[in-house]
Amino acid sequence: MKQLNFIPGSMTPLWAKDLKFMQDGTIEAFQAVLKGLELGAENYLVCGCSITANYNTHKISMTSGWCFFQGELLPVKALPVTGFNGGSPRVKLTKVPANNPDGDRQITLAGQNGTAQIWQDCYLEPSVIVGENNNVTLALSEGAWTLAERISRMAMITDTGIVQVDEVNFNGSISYRKVCGTVQLFGSVMPDASGMSVSGQIAAGLPRPTASLRFPLSDGYMILGTDGKLTAYNTKLSKVYLDNIVYLTTPTFGGNDGHYSTVNQNSTGGGAVL
């Protein structure tokens, strides 16, 4: 982190560039911490900005707060009670460059005297939008996750319990349990008639791995594809047991985070696409 190195007992002038150096160090530290906590969201609500929407009176309001917006931690102005038309109002946040007049200073530059606006005080201005919008970096809806809620939801252990697989192509039964991103299979399958082998697609509808997985058998092997289909190859086995199969998937966390964007065209870089 950037900081000034003062030598004990020494005297040294303090320049405006020195203050800028220290300020840049503080900004960079904040950016690094907030970037590390983003959990996939490029622009996101840090705290505050509680939205209340009344669909009977078609009124919406929002408290003030703070957002991480395009690499900056910025204050958000409150939205007074405002009317809206349509079904799904959202509060769009727009950066407004601003300066605090209390920080105006007389300066000398290149031998000329003048007044400069020193205290920069940018903020995010809220406005109500309904439906599609061509340019939205960040918009929030009622119930949008704060940073604390985002961290807490991402840390939650999700457990499906025992889930029966319906699409099984042989006699027997297959089920699984998924805890976060870890999946354990249960059950076994066998052919419909004696003398036949378990060969071909065994089941579909299993939790999908990030990449296809190959599971060796005593005779042949099985492949679980990224489409959630389990298939046996080159086997003459009359029965296949699945209880020893454990694999990983990408953890998913339910719920809409209440963040929307047209700039970040994905479900995590700022929320759902408008």
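Residues numbered from 1 in each chain as written. Predicted model: local features only at pLDDT ≥ 70, side-chain atom pairs only at ≥ 80, totals over all residues. Heavy atoms only, no water.

Novice: Can you lay out the sheet that holds strand 2 (residues 51-54) for me, pointing to particular residues and giving the numbers?
Specialist: Whether parallel or antiparallel, the strands of a sheet pair through hydrogen bonds between backbone atoms. As summarised here, the arrangement of the 3 strands in space is 2-3-6, forming an open sheet in which the pairing is antiparallel. Each end of this open sheet is capped by a strand with a single partner; those strands are strand 2 and strand 6 (79-83). Averaged over neighbouring strand pairs, the angle between their axes works out to 10 degrees when direction is ignored. Relative to strand 3 (residues 59-62), strand 2 runs antiparallel, the two sharing 4 bridges. Looking at the pairing, Ala-53 lines up with Ile-60 of strand 3. (Pairing = 2+ DSSP bridges. Helix = DSSP H or I, 4+ residues; strand = E, 2+ residues; numbered from the N terminus. Axes fitted to C-alpha atoms, helices over the stretch in contact; angles between N-to-C directions.)

Novice: Can you lay out the sheet that holds strand 17 (residues 213-216) for me, pointing to particular residues and giving the numbers?
Specialist: Pairing is antiparallel across the open sheet formed by 5 strands, whose spatial order is 13-16-19-18-17. Each edge of the sheet is formed by a strand with only one pairing partner; in this case those strands are strand 13 (167-168) and strand 17. Alignment of strand 13 against strand 16 (residues 200-204), held across 2 bridges, turns out to be antiparallel. Counted as the bridge partner of Glu-167 is Ala-204 from strand 16.

Novice: Could you give me a rundown of the pairing of strand 16, with the residues and numbers involved?
Specialist: In this structure, strand 16 lies alongside strand 19 (residues 230-233), joined through 3 bridges in antiparallel fashion. Each residue of the ladder has a partner; that of Gln-201, found in strand 19, is Thr-231.

Novice: Before we move on, can you summarise the packing of aromatic side chains with the specific residues and values?
Specialist: In the structure shown here, the tally under the stated rule is 4 aromatic pairs. Arranged with centres 5.5 Å apart and planes meeting at 45 degrees, the rings of Tyr-44 and Phe-68 form a pair that is tilted. On the criterion of sequence distance, the pair formed by Tyr-44 in strand 1 (residues 44-48) and Phe-68 in strand 4 (residues 65-69) is long-range, its members being 24 residues apart. Like Tyr-44, the residue Phe-68 is buried in the burial classification. Seen from their ring centres, Tyr-221 and Tyr-233 are 5.4 Å apart, and the 20 degrees between their planes marks the pair as stacked. A residue pair is termed long-range when its members are at least 10 positions apart, and Tyr-221 in strand 18 (residues 221-224) and Tyr-233 in strand 19 qualify at 12 residues. By relative accessible area, Tyr-233 is classed as partly exposed at 34%. The lysine or arginine in question, Lys-77, covers the ring of Tyr-123, its NZ or CZ lying 4.7 Å from the ring centre. (Phe/Tyr/Trp six-rings, centres within 6.5 Å; stacked < 30°, edge-to-face > 60°. Buried < 20%, exposed > 50% of the residue type's maximum accessible area, 1.4 Å probe, protein only. Lys NZ or Arg CZ within 6 Å of the ring centre and 35° of its normal.)

Novice: Go over the confidence of the model for the chain with me, naming the residues and quoting the values.
Specialist: Averaged over all residues, the pLDDT of the chain equals 87, while 93% of them reach at least 70. Here residues 266-270 is modelled with pLDDT under 50, and outside its nearest four sequence neighbours on either side it reaches 18 contacts, counting other chains as well. (pLDDT = per-residue confidence, 0-100. Contact = heavy atoms within 4.5 Å.)

Novice: I'd like a description of a nonpolar patch on the surface, backed by residues and values.
Specialist: Among the surface-exposed residues, Phe-6, Leu-14, Leu-19, Phe-21 and Met-22 lie close enough to one another that they form a single nonpolar patch of about 480 Å² accessible area. Looking at the secondary structure, you find Phe-21 in helix 1 (residues 16-36). Judged by its relative accessible area of 35%, Phe-21 is partly exposed. (Patch = residues over 30% accessible without salt bridge, like charges linked within 9 Å, V, L, I, M, F, W, Y side chains within 5 Å. Areas by Shrake-Rupley, 256 points an atom, 1.4 Å probe, with all protein chains shown as cover. Salt bridge = Lys/Arg side-chain N within 4 Å of Asp/Glu carboxyl O.)

Novice: I'd like to hear about the nonpolar core, residue by residue, with values.
Specialist: Counting 22 residues, the largest nonpolar core has Ile-202, Leu-206 and Met-222 as its most contacted members. Going through the elements one at a time, strand 14 (171-179), strand 15 (182-190), strand 16, strand 18 and strand 19 are the ones with two or more residues in this core. Every residue in contact with Ile-202, bar those within four places of it in the chain, is listed here: Glu-167, Val-168, Asn-169, Phe-170, Ile-174, Val-189, Met-222, Leu-230, Thr-231 and Ala-232. Judged by nonpolar contacts, the second largest core, of 19 residues, contains Cys-49, Ala-53, Met-62 and Val-91. (Core = buried A, V, L, I, M, F, W, Y, C linked by side-chain atoms within 4.5 Å.)

Novice: Summarise the side chain of Lys-92; cite the residues concerned and give the values.
Specialist: Tracing the chain through its elements places Lys-92 in strand 7 (residues 89-96). With no salt bridge to any partner, buried Lys-92 finds its closest opposite charge in Glu-125, at an N-O distance of 12 Å. Reaching out from Lys-92, the side chain makes a polar contact with the backbone oxygen of Asn-135 at a distance of 3.1 Å. Once residues lying within four places of it in the same chain are set aside, the contact partners of Lys-92 are Glu-125, Pro-126, Ser-127, Ile-129, Asn-133, Asn-135, Val-136, Leu-138 and Ala-139. (Lys, Arg positive; Asp, Glu negative; His and termini not counted. Polar contact = N/O pair within 3.5 Å; in protein donor to acceptor, adjacent residues only side chain to side chain.)

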